[in-house]
Amino acid sequence: AQRVTQPEKLLSVFKGAPVELKCNYSYSGSPELFWYVQYSRQRLQLLLRHISRESIKGFTADLNKGETSFHLKKPFAQEEDSAMYYCALRPNSGGYQKVTFGTGTKLQVIP
Amino acid sequence: DVKVTQSSRYLVKRTGEKVFLECVQDMDHENMFWYRQDPGLGLRLIYFSYDVKMKEKGDIPEGYSVSREKKERFSLILESASTNQTSMYLCASSIQGGRTEAFFGQGTRLTVV
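Residues numbered from 1 in each chain as written. Chains lettered and ligands numbered in written order. Predicted model: local features only at pLDDT ≥ 70, side-chain atom pairs only at ≥ 80, totals over all residues. Heavy atoms only, no water.

Q: How should I be thinking about the sheet that holds strand 8 (residues 73-78) of chain B in this particular structure?
A: Within a sheet, neighbouring strands are paired by backbone hydrogen bonds and run either parallel or antiparallel to one another. Residues and elements named next belong to chain B. Taken in spatial order, the four strands line up as 1-3-8-7 in an open sheet, and their pairing is antiparallel. Where the open sheet ends on each side, the last strands, each with one partner, are strand 1 (4-6) and strand 7 (64-70). Each strand axis lies, on average, 20 degrees off the axis of its neighbour in the sheet, ignoring direction. (Pairing = 2+ DSSP bridges. Helix = DSSP H or I, 4+ residues; strand = E, 2+ residues; numbered from the N terminus. Axes fitted to C-alpha atoms, helices over the stretch in contact; angles between N-to-C directions.)

In structure tokens:
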């Protein structure tokens, strides 16, 4: 079974402070990990995926297979980063690819 | 521009009613999903479909059924709506295979009274 854990329901940081949203997963095979974001009154959308190893809107996330973690980081928070963030896992295998989401973390950036 | 469209943004239904939530995607995706989104519980998978007429139960299928008669359309059915099914419902689609993300609809906020 696959599982995604986001331990923080709410994370409040001041503008300009570093941000780290935690995500841990359990899956016996090789996973693909994603971060999705939902801004107020907008649909859920992809922020970044571990395969791309990219930085989007200043956010990065590194897959740590030893710690089974995929934490989302940004060195300097901006007010427009305030949103709901979901970590997600999809098996990197053939067949049907069920995506499992974590419970989400609300990021609140205080001006 | 990729599109997943849910037929209603808001719905109010009475307890015991049969409720249909419709979702259409225009990207020729094989996979389609229905989630419900609740505060503190995140997104929970209700059902998913990997092909026309094919479906798999997700984590919380009780009280729901689905229908996929055409590739682009995936319907969620509440056979007899109950107040504990009041929630935000999200539809999503993705291609099968490859390394792409799921695309989401705008959501349907269902209130059962």
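Q: Would you mind showing me how to read the pattern of salt bridges here?
A: A side chain of one charge can pair with a side chain of the opposite charge if their charged atoms are brought near each other. Going through the model one piece at a time under the given rule, you end up with eleven salt bridges over all chains. For Arg-36 of chain B, the salt bridge goes to Asp-38 of chain B, with nearest N and O atoms at 2.8 Å. Note on Asp-38 of chain B: relative accessible area 11%, which makes it buried. Three or more residues joined by partner-sharing salt bridges are found here, namely Glu-20, Lys-22 and Lys-73 of chain A. (Salt bridge = Lys/Arg side-chain N within 4 Å of Asp/Glu carboxyl O. Buried < 20%, exposed > 50% of the residue type's maximum accessible area, 1.4 Å probe, protein only.)

Q: Hey, could you run me through the sheet that holds strand 8 (residues 72-74) of chain A in this one?
A: All names here are of chain A. With antiparallel pairing, three strands are arranged side by side in an open sheet as 3-8-7. Two strands in the sheet have a free side with no partner beyond their single neighbour: strand 3 (19-21) and strand 7 (60-61). Sheet analysis places strand 3 next to strand 8, joined by three bridges and oriented antiparallel. Counted as the bridge partner of Leu-21 is Leu-72 from strand 8.

Q: What is the right way to read the pairing of strand 9 (residues 87-94) of chain B from this model?
A: On a regular strand, each side chain points to the face opposite its neighbour's, so the side chains alternate between the two faces of the sheet. Residue and element names in this part refer to chain B. Strand 9 sits mainly inside the fold: eight of its eight residues count as buried. Covered by surrounding structure in strand 9 are Ser-87, Tyr-89, Cys-91 and Ser-93 together with Met-88, Leu-90, Ala-92 and Ser-94, the residues of both alternating faces. Examined bridge by bridge, strand 4 (residues 31-38) and strand 9 share seven bridges and lie antiparallel to one another. Bridge pairing in strand 9 links Gln-37 to Met-88. Relative to strand 10 (residues 103-104), strand 9 runs antiparallel, the two sharing two bridges. What sits directly across from Ser-93, in strand 10, is Phe-103.

Q: In this structure, what is going on with the nonpolar core? I would like to understand it.
A: Within soluble globular proteins, side chains that are nonpolar tend to cluster in buried spots. Residue and element names in this part refer to chain A. Counting residues in hydrophobic clusters, the biggest one holds 24 residues, and the most contacted among them are Trp-35, Leu-47, Leu-48, Phe-70, Leu-72 and Tyr-85. Put simply, the parts of the chain that give this core at least two residues each are strand 2 (10-14), strand 3, strand 5 (31-38), strand 6 (45-49), strand 9 (83-91) and strand 11 (105-110). When residues of this core are assigned to their parent elements, the largest contribution, four residues, is made by strand 9. Beyond its immediate stretch of four places on either side in the chain, Phe-70 contacts Cys-23, Leu-33, Phe-34, Trp-35, Leu-48, Arg-49, His-50, Ala-61, Asp-62, Leu-63 and Cys-87. (Core = buried A, V, L, I, M, F, W, Y, C linked by side-chain atoms within 4.5 Å. Contact = heavy atoms within 4.5 Å.)

Q: I tried to follow the state of the cysteines on my own but got confused; where do I start?
A: Here a disulfide denotes one covalent bond, and it connects the sulfur atoms of two cysteines. Residues and elements named next belong to chain A. One pass over the full model with this rule turns up two disulfides over all chains. Between Cys-23 and Cys-87 runs a disulfide, and the two sulfur atoms are separated by 2.0 Å. Here the S-S torsion is close to -65 degrees, and the disulfide linking Cys-23 with Cys-87 is therefore left-handed. Of this pair, Cys-23 sits in the loop between strand 3 and strand 4 (24-26) while Cys-87 sits in strand 9, placing them 64 residues apart in sequence. Residue Cys-87 is classed as buried on the basis of its relative accessible area of 0%. (Disulfide = S-S within 2.5 Å.)

Q: Just to check I follow, could you spell out the environment of His-71 of chain A for this structure?
A: Residues and elements named next belong to chain A. Of note, His-71 is situated in the loop between strand 7 and strand 8. C-alpha separation for the pair His-71 and Ala-88, spaced 17 residues apart in sequence, amounts to 11 Å. Residue contacts for His-71: discarding those within four places in its chain leaves Glu-20, Leu-21, Lys-22, Cys-23, Asn-24, Trp-35, Thr-60, Ala-61 and Asp-62. One polar contact links the side chain of His-71 to the main-chain amide nitrogen of Cys-23, over a distance of 2.9 Å. (Polar contact = N/O pair within 3.5 Å; in protein donor to acceptor, adjacent residues only side chain to side chain.)

Function-wise, these values are silent; they only describe arrangement.
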